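# Results of the structural survey
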Amino acid sequence: MTDRILVGTRKGTFLVEKMNGRFGAKLAGHPGVGVNFVARDPHTGTLWAALGHGHWGAKLSRSLDGGKTWADAPQIKYPEGARYLAMPDPSPEGDGDGDPKAVTARNATLLKLWMIAFGQPGRIYVGTIPGGLFVSDDGGESFELNRPLWNHESRGGDLFNGEGSGKTHWFGTPASEGEFAPGIHSIVVDPRNTERVLIAISTAGVLETNDGGKSWCSRTKGMTNDYLPNPEAEWGHDPHSVVLCAGDPDHMWQQNHAGVFYSSDGALNWKKVSQPEKGIHFGFPVAVDARDGKTAWLVPGKADMQRMAIDGRLFVARTEDGGQTWKELRRGLPQECAYDVVYRHSLDNSGDTLAFGSTTGNLYVSEDRGESWATVANNLPPIYSVRFG
Amino acid sequence: MVNVELTPHLFQFFPELQGKKLVVEASTVREVVQQLDNIEPGIAFYLCDERGRLRKHVNIFVKEEMVADRANLGDRVEPNSRVLIMQALSGG
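Given the structure is predicted, the values throughout are model-derived calculations rather than measurements.

### Notes on the overall build of chain A
- For chain A, the helix and strand inventory stands at two helices and 30 strands.
- Against the 2.2 N^0.38 benchmark of 21 Å for 389 residues, chain A shows a C-alpha radius of gyration of 20 Å, consistent with a compact globule.
- With respect to the three principal axes, the spread of C-alpha positions in chain A is 60 × 50 × 45 Å.
- In chain A, buried positions account for 51% of the 389 residues.

Laid out in structure tokens, this is it:
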């Protein structure tokens, strides 16, 4: 457990530490640069940051001295020949005016570094857009694209060595920096068996490997959706974030575009535990207790048409019974004129302490499992990531 | 020899280049970028993506002309040309 919080924002990396009984934030690196994710390698203590330079592309940065100084890390690049089948961009600015049926094979170049996760000592995972899982087995000195996932049948097969099936079930996310492409935003490693890894993709679904990435299968059973002709379709899902209980790893949680889902059997079956009438349905982040897999927290938002705090009153929701009942936790949070939205990586927990940050630059901490909240800062840049570490 | 000038924005990532006279031997813009990367490893990936295409929000001028071949950087540079590498103004 740690009291230090790493915060990635649109304008730099901030460190939040407790001094004289109060949490305080300070700019710790990358001033002016978009920071999608910051995390600490638990094996080495190295801090890793996923940067998105407006002009200069996506870059990995690392600090060997706890955030005092940062330098570019070995960079992630898609290998020669990496292609993916891309849907037409449905956005008004995109290429949606073209042939709406045109699925095109695009050369892959790095659009965004979205998420960093750590496996056994030396292994680092990075989830990217377009839809890449990059893996390092040398502590981040080099990264390789996981090809079995890249070539998965759900996205049209092997385009390195042919034209594949021509059909993909991986769509896109507006988070993809100028193109409409899928992205890997959640990577969870089973602490019992680090060869077992689950990932989540916007927009495709959840996949699992049990052999260290040699093969992948879908884990979307029960993830019913409300925006496809078949609510039980295997693909086409929009998980916003997926987490796993470290102390009870069969318990997994998912905040999805189409509701809140819980699994008590390691993602073999998901069960929708939304309670829309109470506002427990839409949102981006979810956190699970490290010991009790039935306890989880959300920061709900007003459905996809609005994406902001419900009725201008910000709250955190907690369940302690696997989603059967939810408690609204509002003490210390603004209860009028608050329209924050909290992104998928911007809620985290460590022991009884929780923290979350919004795109309005507000950062809150609770030291009593969410019962009450204290404001750390109100004027940070838009917050993309909040991690203890 | 070609004289290369960089936007000061790049000095925050490559401070060693600040105040340094950059003269490289090159006959195309692509060779200019390669030579720069030899001097300062990693800078090519700031200017171009992994396919060698000039990034969308980066501009390179040879004398006063913006490069035409953004995909391969095949534009010719003559001896004693001034090559200017800038961040693009993309509205604002």
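### Thoughts on the overall build of chain B
- When you go through chain B residue by residue, the secondary structure sums to two helices and five strands.
- Ordered by position from the N terminus, the helices and strands of chain B form the series β-β-α-α-β-β-β.
- The C-alpha radius of gyration computed for chain B amounts to 12 Å, which stays within 12% of the reference 12 Å derived for 92 residues, consistent with globular compactness.
- A principal-axis box enclosing the C-alpha atoms of chain B has dimensions of 35 × 30 × 25 Å.
- Going through the 92 residues of chain B one by one, you find that 26% of them count as buried.
- Sequence-distant contacts, at least 24 apart, represent 52% of the contacts inside chain B between residues at least 6 apart.

### Let's talk about the interface of chain A and chain B
- Each partner contributes to the interface: chain A provides eleven residues, whereas chain B provides eleven residues.
- Along the lines of polarity and charge, the residues of the side of chain A that touches chain B split into three nonpolar, six polar and two charged.

### Details of the sheet that holds strand β24 (residues 316-319) of chain A
Residue and element names in this part refer to chain A.
- Strands sit in the order β22-β23-β24-β25 across an open sheet of four strands; the sheet is antiparallel. The open sheet has two free edges, formed respectively by β22 (282-288) and β25 (327-329), since each of these has just one partner strand. Geometrically, the sheet is characterised by an average inter-axis angle of 30 degrees between neighbouring strands, direction not taken into account.
- By the bridge criterion, five bridges tie β22 to strand β23 (residues 296-301) in an arrangement that is antiparallel.

### Notes on the environment of Glu78 of chain B
- Along the chain, Glu78 of chain B turns up in the loop between β4 (65-66) and β5 (82-87).
- Sequence-wise, Glu78 of chain B and Ser27 of chain B are 51 residues apart; in three dimensions their C-alpha atoms are separated by 6.4 Å.

### Regarding the pairing of strand β3 (residues 58-62) of chain B
All names here are of chain B.
- Direction of pairing for β3 relative to β5: antiparallel, over a ladder of five bridges. Note on β5: the bridge partner recorded for Phe61 is Leu84.
- Relative to β4, β3 runs antiparallel, the two sharing two bridges. By the bridge assignment for β4, Phe61 is matched with Met66.
- Hairpin connection, β3 to β4: the antiparallel pair is bridged by two residues, and Lys63 has positive phi, about 55 degrees.

### Re the nonpolar core
- Counting residues in hydrophobic clusters, the biggest one holds 110 residues, and the most contacted among them are Val7, Ile116, Ile199, Val243 and Leu298 of chain A.
- When residues of this core are assigned to their parent elements, the largest contribution, six residues, is made by strand β10 (residues 112-118) of chain A.
- Apart from residues lying up to four places away in sequence, Val7 of chain A is in contact with Phe14, Val16, Ala25, Val38, Gly357, Leu363, Ile383, Ser385 and Val386 of chain A.
- Of all hydrophobic cores here, the second largest spans 23 residues; its members include Trp56 of chain A together with Val33, Val77 and Val83 of chain B.

### Some words on helix α1 (residues 29-39) of chain B
All names here are of chain B.
- Every buried residue belonging to α1 is among Val29, Arg30, Val32, Val33 and Leu36, and all of these are buried. Buried residues along α1 cover an arc of 160 degrees about the axis, so they all sit on one side.
- The elements touched by buried residues of α1 are β1 (2-6), β2 (22-24), α2 (43-47), β3 and β5.

### Things to note about unusual backbone geometry
- Ile129 of chain A connects to Pro130 of chain A through a cis peptide bond whose omega is 5 degrees.
- Here Pro130 of chain A lies in the loop between β11 (124-129) and β12 (132-136).
- Even without a glycine there, the phi angle at Asn80 of chain B is positive, about 70 degrees.
- Along the chain, the position of Asn80 of chain B falls in the loop between β4 and β5.
- According to the C-beta neighbour criterion, Asn80 of chain B is exposed, with 9 such atoms within 10 Å.

### Describing the sheet that holds strand β17 (residues 217-218) of chain A
Residues and elements named next belong to chain A.
- Spatial strand order, β14-β15-β16-β17: four strands in an open sheet with antiparallel pairing. Looking along the sheet, the strands with just one partner apiece sit at the ends: β14 (183-189) and β17.
- For β14 and strand β15 (residues 197-202), the ladder comprises six bridges, and the chain directions are antiparallel. Note on β15: the bridge partner recorded for Ile184 is Ile201.

### Overview of the confidence of the model for chain B
- Here chain B averages 94 in pLDDT, and 97% of its residues register 70 or above.
- Note on the complex model: pTM 0.95, ipTM 0.92.

### A short note on the environment of Val288 of chain A
Residues and elements named next belong to chain A.
- Along the polypeptide, Val288 turns up in strand β22.
- Take Val288: there are 24 C-beta atoms within 10 Å of it, and that puts it in the buried class.
- Considering only alpha carbons, one finds Val288 and Thr319, 31 residues apart in sequence, at a separation of 9.6 Å.
- Residue contacts for Val288: discarding those within four places in its chain leaves Val243, Cys245, His251, Trp253, Gly293, Thr295 and Ala296.

### Let's talk about the environment of Asn256 of chain A
Residues and elements named next belong to chain A.
- Mapped onto the secondary structure, Asn256 falls in strand β19 (residues 252-256).
- Between the alpha carbons of Asn256 and Val376 there is a distance of 28 Å; along the sequence they are 120 residues apart.
- Setting aside its immediate chain neighbours within four residues, Asn256 contacts Met223, His237, Asp238, Pro239, His240 and Phe261.

Analysis parameters
- Every chain begins its residue count from 1, and numbering advances along the sequence as written.
- Here the convention is simple: chains get letters from A, ligands get numbers from 1, in the order in which they are written.
- The predicted nature of this model means local features are confined to residues of pLDDT at least 70 and side-chain atom pairs, given and counted, to a pLDDT of 80 or more, with totals for whole chains, interfaces and linings taken over all residues.
- A run of H or I in DSSP becomes a helix once it reaches four residues, and a run of E becomes a strand once it reaches two; helices and strands are each numbered from the N terminus.
- In this treatment the radius of gyration is a C-alpha quantity, and the globule benchmark scales as 2.2 Å times the residue count to the 0.38 power.
- Residues with at least 20 neighbouring C-beta atoms inside 10 Å of their own are called buried, those with 12 or fewer are called exposed, and the rest are partly exposed, where every C-beta is derived from the backbone.
- Two residues form a contact once the distance between their C-beta atoms, set from the backbone, is within 7 Å.
- Side-chain classes follow a simple rule in which Ala, Val, Leu, Ile, Met, Phe, Trp, Tyr, Cys and Pro form the nonpolar group, Asp, Glu, Lys and Arg form the charged group, and the remainder, Gly included, forms the polar group.
- At least two bridges found by DSSP between two strands is the condition for calling them paired.
- Convention adopted: a line fitted to C-alpha atoms gives each axis, helices being fitted over their contacting stretch, and angles between N-to-C directions are expressed from 0 to 180 degrees.
- Core membership is restricted to buried Ala, Val, Leu, Ile, Met, Phe, Trp, Tyr and Cys residues, and these are joined into a nonpolar core through C-beta atoms within 7 Å.
- Our arc is simply the arc of the directions from the helix axis toward the C-beta atoms.
- Per-residue confidence from the predictor is reported as pLDDT, which spans 0 to 100.

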